[in-house]
Amino acid sequence: MPPSDLILTAEKVSSIHGFLFYHGKQFLFKDESRNGSFLNKEKVHQQSILLNHNDILDIGGTQFKVYHPGKTESVSLNERVLFPKHSSQLFRIGSYSNIQLLGSGAFGEVYKSIQRDSNQICALKLLKSFSVLGSIAKEANGRFFNEIHVLKKLQHPSITCIIDSGEFEINKEVRPYITFEFFHGSDLKKHVIQQGRFSWKEVVSILIQCLEAFQYMTEKGIIHRDIKPLNILYNPEIHRIQLIDFGIGKFLQEEEGQTEIQEHTVFVTQTGEILGTTNFMAAEQFQDFKRVDIRADIYSLGATAYYLLTEQVPYKNSNCAHILEFFGKLINNRLSLEPISQWVSDVPLELVLIITKMMEIQRANRYSTPKEVLDELELFKNSSDFS
């Protein structure tokens, strides 16, 4: 990335306050500051926004007015002006260009980009600046390199495929990156929010693809530990899925080079986050995060199927004030799961029973392997109107 053309010195300006990109005759401002910025007097913090003609952007008390090409007749020489240089790209990093922000999480950002040497479209995952991460930088870095180590052992059509990894120097700071084959689709959570619930036939297809990936992972001795709708991509045009985000993935037999996440705690990270999202996480993962097996992933996939069918997260009405209360009740069988039929009436009983067994609280009562679930689903398909 080229060095910044703008340097401000003020109390509320962070060392790396944000980035300003220009693409397709539009500005994009990405705030990475401690205190935030203001667009037309509305606060913007740790997010990306499009800037329109005549917008007022306030950075640490210094205001800028936005002008676009062809609309410059009213520019005053006394105004601070954000005006684009001639460019057809958002920005470049190393050998990657045409970089466009797709999304941002607690630890990193994902961009769509083109690898210039091969002209291949890919997804570029970049760790956030350490100045932005602050006290969670060590944890974030550990997850990042753990994902690289795990994914280098996996190659399956339903698992995100790593292309390259390394480090970029950005604003005199070294930041690690991973690039993946680009998958055309969105996560299951976004799909449900935008399109509503999935049909039971679509859910069966998604389950089979995930379980085939699980079986492959089992043979490689790897578990995911964070299966949830947000970590499964879906392309509705070709009805294909892809598992992503192996940041807390684990080898069942420890391998040299793997960074175990937060060895000094059982399940809570420095950010206060439970490792594995609460409503989709198996009870034993809460009890002992390090000693779970593939049955925890099977539970999480069952909980995901429940959500896809009903648009409701499992145990939504648990009325628990704290995460400890929730899992305390769950482990001691003091929570009841609302039946799928309470939300939808068209799901065959046989499929409901399979999902219910995947979500058994005691893992001894669950399916032991992905293949067991696959066999049950195949029997169900053969005995039902699945055409």
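Residues numbered from 1 in each chain as written. Predicted model: local features only at pLDDT ≥ 70, side-chain atom pairs only at ≥ 80, totals over all residues. Heavy atoms only, no water.

Let's talk about unusual backbone geometry
Then, in step 1: Even without being glycine, Asn40 reaches a positive phi, approximately 50°.
Then, in step 2: Within the secondary structure, Asn40 is located in the loop between β3 (37-39) and β4 (42-44).
Then, in step 3: According to the relative accessible area criterion, Asn40 is partly exposed, its value standing at 40%.
Then, in step 4: Phi is positive for Asp245, which is not a glycine, with a value near 60°.
Then, in step 5: Here Asp245 shows up in the loop between β17 (240-243) and β18 (250-251). (Helix = DSSP H or I, 4+ residues; strand = E, 2+ residues; numbered from the N terminus. Buried < 20%, exposed > 50% of the residue type's maximum accessible area, 1.4 Å probe, protein only.)

Regarding the pattern of salt bridges
Then, in step 1: Counted according to the given criterion, the structure contains 13 salt bridges.
Then, in step 2: Put simply, Lys125 and Asp245 hold a salt bridge, and the shortest N to O gap is 3.9 Å. Residue Lys125 is located in strand β11 (residues 120-127), and its partner Asp245 is located in the loop between β17 and β18; the two are separated by 120 residues in the primary sequence.
Then, in step 3: In this structure, Arg295 and Asp293 form a salt bridge, with 2.7 Å as the shortest nitrogen-oxygen distance.
Then, in step 4: A relative accessible area of 19% places Arg295 in the buried class. (Salt bridge = Lys/Arg side-chain N within 4 Å of Asp/Glu carboxyl O.)

Focus: the sheet that holds strand β14 (residues 186-187)
Then, in step 1: Read from one edge of the open sheet, 3 strands run β14-β16-β17, paired in antiparallel fashion. With one partner strand each, in any of the chains shown, β14 and β17 form the two edges of the open sheet. (Pairing = 2+ DSSP bridges.)

Focus: the confidence of the model for the protein chain
Then, in step 1: Scored by pLDDT, the protein chain comes out at a mean of 81, with 80% of its residues at no less than 70.
Then, in step 2: Scored below 50 in pLDDT, residues 1-5 shows 8 contacts in the model against residues more than four places distant or in partner chains.
Then, in step 3: Scored below 50 in pLDDT, residues 72-90 shows 43 contacts in the model against residues more than four places distant or in partner chains. (pLDDT = per-residue confidence, 0-100. Contact = heavy atoms within 4.5 Å.)

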